[in-house]
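Understanding the architecture of this molecule
Chain residues, written in single-letter form:
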Amino acid sequence: MSFDTTNLDKEEKKMKKKIAMILAMALSLTTLLSACSGTQAKEGDKSSGEKTTVEKSAEDKQTDSSVGDNKSAAQDGGIVTISWWRKIYNDVQESEIDAVEKAINDYIGPKIGVNVDMKAISGDYESLLTLGLASDEDIDLFWTASWDLAAACKNLIQNNAAMDLSDKIKNYPGLWGAMPESIWDSSKFNGKYYWIPVYKESAEGYSVVVPQSVIDKMGWKDLQEKIKSYKDLEPYLAEAKKKGIGMPFLFHADFGYQNFSMDRFAPLNIGRVCVVDLKGDTKKVINLAETDDFKEYLDTVYKWNKAGYIPEGEATREYQVIGDFANKEDWGFMIQTTTPLMEVTFPKNYNCGPVVAIKMTENWIHSDSAIGSVYGINQKSKKADACLKFLEVLMTDPVVADLACYGLDGVNYNRDKTGKVVRVENDDWNFGTWLSSSIATCSLLASEPDNKVQEYLDFNNSANTYPFAGFRFDQTPVDAVVAAVAAVNDEYWTLLNQGFLDPKKALPEYRERLKEAGIDELIAEVQKQYDEWLATK
């Protein structure tokens, strides 16, 4: 019996690259620590001459250039090369990265005097980035997000890893004008600009999606007019269960009451329960867990769970598994983040039939909504201006944007007769627009409607703004309390919010455990800082 080892060889090469990446950064960190202690690290032997995504260093880089030198180099016809770290959700062949990098550089070098050394990193990008920044790895420009774990925006600022660009950003009018000023302002930390948002949907709201096949089977009519809140779902869930729908209601990851109640209780995203009551005093921080509305929701969703509307094990469901069952269409309602054109994108993303989206909340701009995908510049980089020059063309020039997002025309994608992008089947170059460049600059996919950009603009322009948009909480004074509250939430939050715990018993326990963890102290500190922030407005 013979075996095809092609895939095994490919996986082995990928694993070697990842191991080399980790070793390279570990070596950098060891060298740094050794220098601090007066000892000298001994350089390890290289096991291979093949470049990895971290080892693909720039022999031609001008690593000692200052910002002023960068400008002179560009004017004199020289090229400044910046190291650009990107996140991707699958492995890409090094040869593909090199080819796209070359195409970008051939185009931008003569225009702006800048080249990029591109690292496309899959797997544990967050840890590799934070380690790389801490160990003085060669990183000038990098991608991150508000939600990206250890590499989350606030963490990198607290670790002094991200450069304050306040004195520079407006010197690049093309970049500054690539998105509304409200987006820039909501991305601020402590009144300063650290991040360059990737312009996409920049507000947060929630909808439930329903398969059209289920609507037809049930004979339901006018759902978008009849369903306005979670309470309106119950008769439809009961009917779906009665008529054999296996999963009448599905949550998304750890979603719960906060995703239904954004129009009433605005979440500060601190300790889960720190909110502002939009129908009360919007200058006061309150504890969501102590409200009657939260209790009413928990009673309702527990009843749903007991009736079998929520499938067993839903509380531990991972976001990625949606694609494993969405196309079976044996589900009724699923809560999702509202996006422009979601009735178009959801079936495409999850390979299922048509769906109807029903709004549960309005869309809101808040402190984190504009930084769900951003670029930052390493605090230690001496090439900030070169990075900003590159970002200006990345965000405004369709040639650069399409190369970054889709790869090479004729290799990674083709164009249909209308000029829209048709990806090559099974191609590895899988950077989404949201990871790469502005939705207003990248070409449309063949599956996207002609009005996509206008839909996104309308979505953002019609969003409401929370009264605390731009407020950033510094948890340093209450680090231990934040950790203690997080531990309680890990134990209770998802199970309570998805109906797996009886609120008659579990809610009083949860409230008491939060108090023991110091929730009152946390809310007091949030209130103090919120008051100080409001005083500056």
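Here's what I pulled together on the structure shown here.

1. Remarks on the overall build of the protein
Per the secondary structure count, the protein includes 20 helices and 16 strands. Counting over 537 residues, the protein shows a buried share of 53%. Long-range pairs, those at least 24 residues apart, make up 76% of the contacts in the protein with a sequence separation of at least 6. Surface exposure of the protein reaches about 24,400 Å², of which carbon and sulfur atoms provide 50%.

2. Points about the nonpolar core
If you look at the biggest cluster of nonpolar residues, it comprises 71 residues, and the most contacted ones within it are Trp-84, Trp-195, Ile-196, Tyr-375 and Phe-390. Looking at which element gives the most residues to this core, the answer is helix 14 (residues 384-396), with 9 residues. Among the nonpolar cores identified, the runner-up in size contains 68 residues, and Ile-215, Ala-240, Val-275 and Leu-522 belong to it.

3. Here we look at the packing of helix 3 (residues 94-112) against helix 14
Contact geometry for helix 3 and helix 14: axes closest at 11 Å, N-to-C directions at 115°. The handedness of the crossing between helix 3 and helix 14 comes out as right-handed. Of the residues in helix 14, those in contact with Ile-104, Ile-108 and Ile-112 of helix 3 are Lys-389, Phe-390 and Val-393. When its residues are assigned to classes, the contact of helix 3 with helix 14 shows 5 nonpolar, no polar and 1 charged.

4. Quick word on a nonpolar patch on the surface
A grouping of Tyr-89, Trp-147 and Trp-434 is seen on the molecular surface, where their side chains present a nonpolar patch of about 330 Å² in accessible area. Within the secondary structure, Trp-147 is located in the loop between strand 3 (141-144) and helix 5 (153-158).

5. Looking at the packing of helix 3 against helix 15 (residues 398-406)
Across the interface, helix 3 lies against helix 15 with an axial gap of 10 Å and an inter-helix angle of 170°. Judged by the angle between their axes, helix 3 and helix 15 are roughly antiparallel. Contact residues: Val-100, Ala-103, Ile-104, Tyr-107 and Ile-108 in helix 3; Val-399, Val-400, Leu-403 and Ala-404 in helix 15. Classifying every residue of the contact of helix 3 with helix 15 by side-chain character gives 9 nonpolar, no polar and no charged.

6. Digging into unusual backbone geometry
What is expected of a backbone is that most residues other than glycine have negative phi and most peptide bonds are trans. Positive phi outside glycine occurs at Asn-190, with the angle close to 55°. Mapped onto the secondary structure, Asn-190 falls in the loop between helix 7 (181-186) and strand 4 (196-197). Despite not being glycine, Arg-272 has its phi angle at roughly 65°, a positive value. By secondary structure assignment, the location of Arg-272 is in the loop between strand 7 (265-267) and strand 8 (274-277). Exposure remark for Arg-272: the relative accessible area of 34% places this residue in the partly exposed category.

7. So, the packing of aromatic side chains
Evaluation of the coordinates by the stated rule reveals 37 aromatic pairs. Seen from their ring centres, Tyr-206 and Phe-255 are 5.2 Å apart, and the 85° between their planes marks the pair as edge-to-face. Placement of the pair is Tyr-206 in strand 5 (residues 206-211) and Phe-255 in the loop between strand 6 (247-250) and strand 7, with a sequence separation of 49 residues. With 4.5 Å between their ring centres and 15° between their planes, Trp-364 and Tyr-466 make a pair best called stacked. Placement of Trp-364 in strand 12 (residues 364-365) and of Tyr-466 in the loop between strand 16 (464-465) and helix 18 (479-497) is noted, with a sequence separation of 102 residues between them. Accessibility classification places Trp-364 together with Tyr-466 in one group, the buried group. Among the aromatic residues, those joined into a cluster by ring pairs are Tyr-230, Phe-249, Phe-251, Tyr-257, Phe-260, Phe-265, Phe-294, Tyr-297, Trp-304, Tyr-492, Trp-493 and Tyr-510. Sitting above the plane of the Phe-431 ring, Arg-86 keeps its charged end 3.7 Å from the centroid.

8. Focus: the sheet that holds strand 11 (residues 355-359)
Overall, mixed pairing links the 4 strands, which are arranged 6-10-5-11 in an open sheet. At either end of the open sheet lies a strand with only one pairing partner, and these are strand 6 and strand 11. The average angle at which neighbouring strand axes cross in this sheet is 20°, direction not considered. Alignment of strand 6 against strand 10 (residues 331-337), held across 3 bridges, turns out to be parallel. By the bridge assignment, Met-247 is partnered in strand 10 with Trp-331.

9. Focus: helix 19 (residues 503-517)
Residue pairs three or four apart in sequence face the same way in an α-helix, which turns once every 3.6 residues. With 15 residues, helix 19 ought to run about 21 Å at 1.5 Å a step, and its terminal C-alpha atoms sit 20 Å apart, in line with that. Taken together, the buried residues of helix 19 touch helix 11 (292-306), helix 18 and helix 20 (519-535). Immediately downstream of helix 19, the backbone of Gly-518 shows phi near 105°, a positive value.

10. Section: the state of the cysteines
In the structure shown here, the tally under the stated rule is 0 disulfides. The thiol sulfur of Cys-405 is not disulfide-bonded, and the nearest other cysteine sulfur, from Cys-442, lies at 4.3 Å. A residue is classified by how much of its surface remains accessible, and Cys-405, at 0% relative accessible area, is buried.

11. Remarks on the side chain of Asp-385
Looking at the secondary structure, you find Asp-385 in helix 14. Owing to a relative accessible area of 4%, Asp-385 belongs among the buried residues under this scheme. A polar contact of 2.5 Å, which involves the side chain of Asp-385, links it to the side chain of Tyr-172.

12. Observations regarding the side chain of Asn-460
As for its position among the elements, Asn-460 is in helix 17 (residues 452-461). Classification of Asn-460 by relative accessible area gives buried; the value is 6%. If near-sequence neighbours (up to four positions away) are discounted, Asn-460 is found in contact with Tyr-199, Lys-200, Glu-201, Ser-202, Ala-203 and Ile-365.

13. Observations concerning the pattern of salt bridges
Inspection of the entire model under this criterion finds 25 salt bridges. The salt bridge partner of Arg-472 is Asp-368, with a shortest N-O separation of 2.9 Å. Of the two residues, Arg-472 sits in the loop between strand 16 and helix 18 while Asp-368 sits in the loop between strand 12 and strand 13 (374-377), which places them 104 residues apart along the sequence. Given the relative accessible area of 10%, Arg-472 is considered buried. Since its relative accessible area comes to 24%, Asp-368 is described here as partly exposed. Asp-450 is paired through a salt bridge with Lys-420; the nearest N and O atoms lie 2.7 Å apart. Of the two residues, Asp-450 is situated in the loop between helix 16 (433-436) and helix 17 and Lys-420 in the loop between strand 14 (413-415) and strand 15 (421-423); the sequence distance between them amounts to 30 residues.

Cut-offs and rules
Residues numbered from 1 in each chain as written. Predicted model: local features only at pLDDT ≥ 70, side-chain atom pairs only at ≥ 80, totals over all residues. Heavy atoms only, no water. Helix = DSSP H or I, 4+ residues; strand = E, 2+ residues; numbered from the N terminus. Buried < 20%, exposed > 50% of the residue type's maximum accessible area, 1.4 Å probe, protein only. Contact = heavy atoms within 4.5 Å. Areas by Shrake-Rupley, 256 points an atom, 1.4 Å probe, with all protein chains shown as cover. Core = buried A, V, L, I, M, F, W, Y, C linked by side-chain atoms within 4.5 Å. Axes fitted to C-alpha atoms, helices over the stretch in contact; angles between N-to-C directions. Left-handed = near helix turned anticlockwise from the far one by under 90°. Nonpolar A, V, L, I, M, F, W, Y, C, P; charged D, E, K, R; others polar. Patch = residues over 30% accessible without salt bridge, like charges linked within 9 Å, V, L, I, M, F, W, Y side chains within 5 Å. Salt bridge = Lys/Arg side-chain N within 4 Å of Asp/Glu carboxyl O. Parallel < 35°, antiparallel > 145°, perpendicular 65-115°, else oblique. Phe/Tyr/Trp six-rings, centres within 6.5 Å; stacked < 30°, edge-to-face > 60°. Lys NZ or Arg CZ within 6 Å of the ring centre and 35° of its normal. Pairing = 2+ DSSP bridges. Expected span 1.5 Å × (residues − 1). Disulfide = S-S within 2.5 Å. Polar contact = N/O pair within 3.5 Å; in protein donor to acceptor, adjacent residues only side chain to side chain.

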